[in-house]
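In case you want the letters, here they are:
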Amino acid sequence: MSKILISPSKYIQGPGEIKKLGAYAAGYGKKALILISKGGYKRIGAQIEESFKDQACETEFDFFQGECSKTEISRLTEVMKEKSCDLVIGIGGGKIFDTAKAVAYYQKTPVVICPTIASTDAPCSALSVLYTDEGVFQEYLFLPANPNLVLMDTDIIASSPVRLTVAGMGDALATYFEARACQRSQATSCAGGKTTEAAMALAKLCFDTLMEEGVKAKIALEAGACTAAVEKVIEANTLLSGIGFESAGLAGAHAIHNGLTVLEECHSMYHGEKVAFGTITQLVLENVSSEELEEVLDFCIEVGLPVTLGELGVKEVTDEKIMAVAKAACAENDTLHNMPFEVTPESVAAAIKAADAYGRYFLDEQ
């Protein structure tokens, strides 16, 4: 099988870029459906509308209903038809992006993605993660193309809650380890081919950037400063992780995340927070060196990512809950089977239990 690398057509990152959104959008369509949350519109709606003044592109705003589900995608597809929109713009967070991408796919229109947070690697991907209306993982929708444009206004992102950017570090943390596992197993990536050296290099750069800049970026964000470290982490969370996961592959960490969605107690946690714990679990499954495991655990603790099931909201940890997560993670169509060895619900449950214990041990050592 051939090696394949895919990426968005254009990626733009910098302060104040939202002010140029209308000019960029005019290059892709004449009428844009802008999908945004009510809170997002309240914060930056005026800037968005101002950017479309005197531009050859009309706007139709619609408020996101909360889940990237088939119900929401169908609703917005009908809005697109009714309003004669020929472009979708998703503004906000991961589930809004995935919904916008899916709607654009079904309507065969371009899609522009404008993150207001750097909490996941979803913006750059040709992938939508579908959930039920209740928020339980359902399936991956693989798309034929990446977004036409990803626009990152770092002023807006730097002013978002720090926890969201830290959650993005948790999502990005998995990139290199899942890529490495896929390379070893010769798994087929989300791009539909084998891993390229370029994708592996980007995945490794993503990890190295987090280790070098992550703590500095968190401290700067807490001080209300958008520094070079913050810019580098935003790029790692979004571009490096986005291309890295998609063109190199997903493995254990994201499958564990998907398994955790069966526990209602975890629903208040962000995607990247659950992926961070999934990364620790994958490393336990692989029986990596003590040094590698310690490096990841120390990083998670220092930036504030969860390292135990208790920190993920599981008040009472039982064998039954752990096995439910393990069985869901081992679903036939999930990415845990990209690991370079056989996995079973029993081995995954043991890894989850051990990861939780290691997390408690390292927390006690702090």
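As annotated in an unreviewed UniProt entry, the chain carries the name Glycerol dehydrogenase and comes from Candidatus Choladousia intestinavium. Among the UniProt annotations of the chain, the heading Catalytic activity (unreviewed entry) holds the following wording: "glycerol + NAD(+) = dihydroxyacetone + NADH + H(+)". Taken verbatim from the UniProt record of the chain, the Sequence similarities (unreviewed entry) comment is "Belongs to the iron-containing alcohol dehydrogenase family."

Colleague: Could you clarify how one ought to interpret the UniProt feature "binding site: NAD(+)" (unreviewed entry) in the chain in this entry?
Modeller: The residues that UniProt annotates with the feature "binding site: NAD(+)" (unreviewed entry) are Gly94, Lys95, Ile96, Phe97, Asp98, Thr116, Ile117, Ala118, Ser119, Ser125, Leu127 and Tyr131. Excluding residues within four positions of it along the chain, lysine 95 makes contact with Phe64, Gly66, Glu67, Cys68 and Tyr131. Note on placement: tyrosine 131 falls in strand β6 (residues 127-131). You can call tyrosine 131 buried: its relative accessible area is 7%. Look past the residues within four positions of tyrosine 131 in its chain and what remains in contact with it is Glu67, Cys68, Ser69, Lys70, Lys95, Val136, Phe137, Gln138, His257, Thr261 and His271.

Colleague: How do you make sense of the pairing of strand β7 (residues 137-142) when you look at a structure like this?
Modeller: Note on strand geometry: in a regular strand, side chains alternate between the two faces of the sheet. Where β6 meets β7, five bridges bridge the pair, whose relative direction is antiparallel. Paired with tyrosine 131 across the strands is phenylalanine 137, a residue of β7. Linking β6 back to β7 in an antiparallel pair, the connection comprises five residues, with glycine 135 at a positive phi of about 95°.

Colleague: Is there a simple way to explain the packing of aromatic side chains in this structure?
Modeller: What describes a pair of aromatic rings is the distance from one ring centre to the other and the angle between the planes of the rings. Tallied over the full model, the rule gives 10 aromatic pairs. Taken together, a centroid distance of 5.9 Å and an interplanar angle of 65° make the contact between tyrosine 41 and phenylalanine 63 edge-to-face. Taken as a pair, tyrosine 41 in helix α2 (residues 38-51) and phenylalanine 63 in strand β3 (residues 58-63) lie far apart in primary sequence, 22 residues in all. Feature note: the residues Tyr131, Phe137, Tyr140 and Phe142 constitute an aromatic cluster, connected by ring pairs. The cationic tip of lysine 95 hangs over the ring face of tyrosine 131; the distance from NZ or CZ to the ring centre is 4.3 Å. A cation over an aromatic ring shows up here: lysine 204 above the ring of tyrosine 176, its NZ or CZ 5.8 Å from the ring centre.

Colleague: What's the story with the pattern of salt bridges in this structure? I'm lost.
Modeller: Any two side chains of opposite charge can pair, on the condition that their charged atoms come close. Inspection of every chain in the model, using the stated rule, returns 17 salt bridges. Through salt bridges with shared partners, one network takes in Asp62, Glu72 and Arg75.

Colleague: I would appreciate a short explanation of the sheet that holds strand β8 (residues 149-153) in the present structure.
Modeller: Within a sheet, each strand pairs with its neighbour through backbone hydrogen bonds, oriented either parallel or antiparallel. One open sheet accounts for six strands, arranged β1-β8-β5-β4-β2-β3; its pairing is parallel. The open sheet has two edge strands with one neighbour each: β1 (11-14) and β3. Within the sheet, the average angular offset between the axes of one strand and its neighbour, ignoring direction, is 15°. Relative to β8, strand β5 (residues 111-115) is paired through two bridges, and the arrangement is parallel. Bridge assignment links isoleucine 113 to a residue of β8, and that residue is valine 150. Taken strand by strand, helix α3 (residues 70-83) contacts β2 (31-36), β3 and β4 (87-92), and its axis lies near 155° from that of β3. With respect to the sheet, helix α4 (residues 94-107) is in contact with β2, β4 and β5, its orientation differing from that of β4 by roughly 175°.

Colleague: Would you mind showing me how to read the UniProt feature "binding site: glycerol" (unreviewed entry) in the chain here?
Modeller: The UniProt feature table records "binding site: glycerol" (unreviewed entry) at Asp121, Asp171, His254 and His271. Across 151 residues of sequence, these annotated residues stay compact in space, with a maximum C-alpha separation of 12.0 Å. Summarising the element assignment, aspartate 121 is placed in the loop between β5 and β6. Note on aspartate 121: relative accessible area 5%, which makes it buried. Once you skip the residues sitting within four places of it in the chain, aspartate 121 turns out to touch Asp171, Thr175, Asn237, Thr238, Ser241, Gly242 and Phe245. Within the element layout of this structure, aspartate 171 appears in helix α6 (residues 162-185). Contact partners of aspartate 171, with chain neighbours within four places excluded, come to Ser119, Thr120, Asp121, Ser241, His254, His271, Gly272 and Val275.

The rules we used
Residues numbered from 1 in each chain as written. Predicted model: local features only at pLDDT ≥ 70, side-chain atom pairs only at ≥ 80, totals over all residues. Heavy atoms only, no water. UniProt positions renumbered as here; feature names shortened; annotations may be inferred. Contact = heavy atoms within 4.5 Å. Helix = DSSP H or I, 4+ residues; strand = E, 2+ residues; numbered from the N terminus. Buried < 20%, exposed > 50% of the residue type's maximum accessible area, 1.4 Å probe, protein only. Pairing = 2+ DSSP bridges. Phe/Tyr/Trp six-rings, centres within 6.5 Å; stacked < 30°, edge-to-face > 60°. Lys NZ or Arg CZ within 6 Å of the ring centre and 35° of its normal. Salt bridge = Lys/Arg side-chain N within 4 Å of Asp/Glu carboxyl O. Axes fitted to C-alpha atoms, helices over the stretch in contact; angles between N-to-C directions.

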